[in-house]
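# Report on the structure
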Amino acid sequence: MSTPPSGRQFELSSGQQRAVVVEVGGGIREYSVAGRDVLEPYALDQICDAAHGVPLMPWPNRLADGRYSFGGHEHQLALDEPEQGNAIHGLLRWRPWSELEQRADRVQLGARLAAMPGYPFWLEVSIVYELGEDGLTVTTTARNAGPEECPFGAGQHPYLSAGGAQLDDCTLHLQAATRLLTDERQIPVGREPVAGGPYDFAAPRPIGGMRLDDAFTDLARDDDGLVRARLECPDGACVELWADERYPFLEVFSGDPLPAPRRRRALAVEPMSCAPNAFASGDGLLVLAPGDEIVLRWGVGLRRAG
């Protein structure tokens, strides 16, 4: 194959760790430790499906009707989730990213988003993927390269691999106090506390047949300021994702709408800097002044369960 659908492949390795980052969308196509998938991969000859591993900028998740107001002006974005009437997951998913630096265990990619109808702002972004003793670390930097303030949100869409098992047989541990309530279009309409209810994963418990496509916030953080979500799997492995304080929301998605064999084989845990529909609601929305820069970090690794 001369040119895969995901473009150039940037292979990283460190000890028993192996990762592949791609040109199209700037996402991570696979990450494994000792041959065991940590993030659910997609094949080299396939187009990235269901946003596997991609960065989500300048907004994550959904924007109702693709419409928002900013700086006294109304803006309309294309509806790339037409059946729901939403704009989804930003503007960089299908754009090629440029290699800025690479070595055996690290690659930095960059992209420049030009002003366009619906988002008339200039944005420069870069992402560093690096393998280390604790696993994979992902550092995203975004800078307002234009002459005016711009609205901004960031996220990423990794799928934590169940190691070939079904999610029904896995255990989830996520300490979050609040779940966002959504309508039939997955647009937030309110909030509820999760303590003692079916969405309370503060103590590790089996996922079972539960369908998840929910944003959580009011996240409990360890002394290092990181929130951690853990997926314990039947093979004795625990996939642990962490995110820094720039990510106050985690979207958790069990993949039920995906076709077989994808369905319920991995759990998307998506760090997000803002809530779904933030361009319209303002919930967590960042406003970058000209020249302002923001740096966000998350990562993932493989541990033993228990």
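Residues numbered from 1 in each chain as written. Predicted model: local features only at pLDDT ≥ 70, side-chain atom pairs only at ≥ 80, totals over all residues. Heavy atoms only, no water.

### Brief notes about the overall build of the protein
Helix and strand counts for the protein come out as one helix and 27 strands. For the protein, whose C-alpha radius of gyration is 18 Å, the value lies close to the compact-globule estimate of 19 Å for 306 residues. Seen along its three principal axes, the alpha-carbon backbone of the protein occupies a region of about 55 × 50 × 40 Å. Out of the 306 residues belonging to the protein, those deemed buried represent 55%. Counting only contacts in the protein whose residues sit at least 6 apart along the sequence, the fraction spanning at least 24 positions is 66%. A total of about 12500 Å² of accessible surface is found on the protein, and carbon and sulfur atoms cover 48% of it. (Helix = DSSP H or I, 4+ residues; strand = E, 2+ residues; numbered from the N terminus. Rg over C-alpha atoms; globule rule 2.2 N^0.38 Å. Buried < 20%, exposed > 50% of the residue type's maximum accessible area, 1.4 Å probe, protein only. Contact = heavy atoms within 4.5 Å. Areas by Shrake-Rupley, 256 points an atom, 1.4 Å probe, with all protein chains shown as cover.)

### Quick notes on the sheet that holds strand S10 (residues 98-103)
Pairing is antiparallel across the open sheet formed by nine strands, whose spatial order is S10-S11-S12-S13-S27-S23-S22-S17-S20. The open sheet terminates on both sides in strands that have one partner only, identified here as S10 and strand S20 (201-206). Adjacent strand axes in the sheet meet at a mean angle of 10 degrees, parallel and antiparallel pairs treated alike. Two elements, strand S13 (residues 135-144) and strand S27 (residues 293-304), share eight bridges in a ladder whose sense is antiparallel. When the sheet's bridge partners are listed, Thr139 is paired in S27 with Arg297. (Pairing = 2+ DSSP bridges. Axes fitted to C-alpha atoms, helices over the stretch in contact; angles between N-to-C directions.)

### Digging into the layout of surface pockets
For the largest pocket, the calculated volume is near 570 Å³. Lining the largest pocket are 27 residues, and of these Arg62, Glu81, Ile88, Asp213 and Phe253 sit closest to its centre. Every element with two or more residues in the lining of the largest pocket is listed here: strand S21 (213-219) and strand S24 (249-253). Considered class by class, the residues forming the lining of the largest pocket number nine nonpolar, seven polar and 11 charged. The volume enclosed by the second largest pocket comes to roughly 150 Å³. In this structure, the second largest pocket is lined by Trp59, Leu77, Ala78, Asp80, Ala87, Gly90, Leu91, Leu92, Arg93, Trp94 and Arg95. (1 Å grid on protein atoms, 1.4 Å probe; cavity = no way out; pocket = protein on both sides within 12 Å on 5 of 7 lines; lining within 4 Å. Points joined across faces, edges and corners; volume = space filled by probe spheres on them. Nonpolar A, V, L, I, M, F, W, Y, C, P; charged D, E, K, R; others polar.)

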